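# Understanding the architecture of this molecule
Given next are the chains, with one letter for each unit.
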Amino acid sequence: GSAPAGGLQALPLSVQAALAWVASFLLCGLPWIATALLAPERFERLRSMEHLAGLWTSPAHWAVMLLVAVGFEPLTFLIHKHVMHGCLWWVHEGHHHDTAY
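Chains are numbered independently. Their residues run from 1 in the order of the written sequence. Totals for whole chains, interfaces and linings use all residues, but because this is a predicted model, local features are given only for residues with pLDDT of at least 70 and pairs of side-chain atoms are given and counted only at 80 or more. Processing note: side-chain calculations cover all non-hydrogen atoms of the structure and skip hydrogens and water entirely.

Numbering of helices and strands runs from the N terminus; a helix is a DSSP stretch of H or I covering at least four residues, while a strand is a stretch of E covering at least two. Across its full length, the protein chain holds three helices and zero strands. Listing each helix as α and each strand as β along the protein chain from the N terminus yields α-α-α. Relative accessibility thresholds used throughout: buried, under 20% of the residue-type maximum; exposed, over 50%; partly exposed, between the two (1.4 Å probe, protein chains only). For the protein chain, with 101 residues in total, the buried portion stands at 5%. The method behind every accessible area is Shrake-Rupley, applied with a 1.4 Å probe, and residues are considered shielded solely by the protein chains displayed. Accessible surface for the protein chain amounts to roughly 8400 Å². Of this, 73% is attributable to carbon and sulfur atoms.

What follows is the structure, encoded as structure tokens:
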């Protein structure tokens with residue numbers, strides 16, 4: 001079904017997009033920027049990417065990657081089902097009507 005009138009969906013689409021961008025930045029970008037400013041020593045190893053080469057051949061690395069992927073798939077399914085098809089349906093609905101893909 002559709003969301004009730006009012007709330008965020010009553011805002012113009014450009015405002016909704018701006019709010020989504022700000023929320024995304026605050027959740028994803030700001031922690032990295034804050035860490036870089038407050039604890040730059042944590043990024044010292046990233047200046048040389050040579051240490052990353054061993055990850056591609058490390059069985060432990062691939063085991064962790066596999067476990068994370070397998071472990072998070074049920075979580076993302078539940079988030080999609082209950083959040084995107086629930087309280088955020090008004091944001092997500094257009095995805096189901098898009099025939100471009």
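Mean pLDDT over the protein chain: 81, with 85% of residues reaching 70 or higher. Across the protein chain, helix H2 (residues 59-87) holds the top mean pLDDT of 89, while helix H3 (residues 89-97) sits lowest at 80. A score between 0 and 100, pLDDT records how confident the predictor is in each residue.

A separate point is helix H1 (residues 13-38). The span you would expect from a helix comes to 1.5 Å times its residue count less one. Helix length check: H1, at 26 residues, gives a terminal C-alpha distance of 36 Å against a target of 38 Å (1.5 Å per residue), a fit within 8%. Bending is quantified residue by residue as the angle between axes fitted to the seven-residue window ending at that residue and the seven-residue window starting at it. The sharpest bend along H1 measures roughly 45° and falls at Gly-29, with the proline Pro-31 sitting one to four residues further on.

Let us look at a nonpolar patch on the surface. Within this analysis, patches are made of residues with over 30% relative accessible area and no salt bridge. Like charges are joined at 9 Å or less; nonpolar side chains (Val, Leu, Ile, Met, Phe, Trp, Tyr) at 5 Å or less. Salt bridges, as used here, are contacts in which a Lys or Arg side-chain nitrogen is within 4 Å of a carboxyl oxygen on Asp or Glu. On the surface, a nonpolar cluster with roughly 750 Å² of combined accessible area is contributed by Trp-21, Val-22, Leu-26, Leu-30, Ile-33, Leu-37 and Leu-38. Tracing the sequence through the fold places Leu-37 in helix H1. Using a relative accessible area of 66% as the deciding quantity, one classes Leu-37 as exposed.

Our focus in this paragraph is the packing of aromatic side chains. Here a pair means two rings of Phe, Tyr or Trp (six-membered ring of Trp) with centres within 6.5 Å. Their orientation is stacked below 30 degrees between planes, edge-to-face above 60, and tilted elsewhere. Within this structure, the stated rule accounts for one aromatic pair. Centre to centre, the rings of Trp-21 and Phe-25 are 5.6 Å apart; their planes meet at 0°, and the pair counts as stacked. One end of the pair is Trp-21 and the other is Phe-25, both in helix H1 and four residues apart, which spans about a single turn. The class of Trp-21 is exposed, set by a relative accessible area of 58%.

Let us look at the packing of H2 against H3. Interaxial distance between H2 and H3 falls to 5 Å at its minimum, and their mutual angle equals 100°. One way to sum up the angle between H2 and H3 is to call them roughly perpendicular. Where H2 abuts H3, its residues His-80, Val-83, Met-84, His-85, Gly-86 and Cys-87 lie against Trp-89, Trp-90, His-92 and His-96. Residues are sorted three ways: Asp, Glu, Lys and Arg are charged, Ala, Val, Leu, Ile, Met, Phe, Trp, Tyr, Cys and Pro are nonpolar, and all the rest, Gly among them, are polar. Its residues assigned to classes, the contact of H2 with H3 comprises five nonpolar, five polar and no charged. For helices, the axis comes from a line fit to the C-alpha atoms of the stretch in contact; other axes are also lines fit to C-alpha atoms, and the angle between any two N-to-C directions lies between 0 and 180 degrees. Note on terminology: angles under 35 degrees are roughly parallel, angles over 145 are roughly antiparallel, angles of 65 to 115 are roughly perpendicular, and the others are oblique. Between two residues, a contact is recorded if the distance between any of their heavy atoms is within 4.5 Å.

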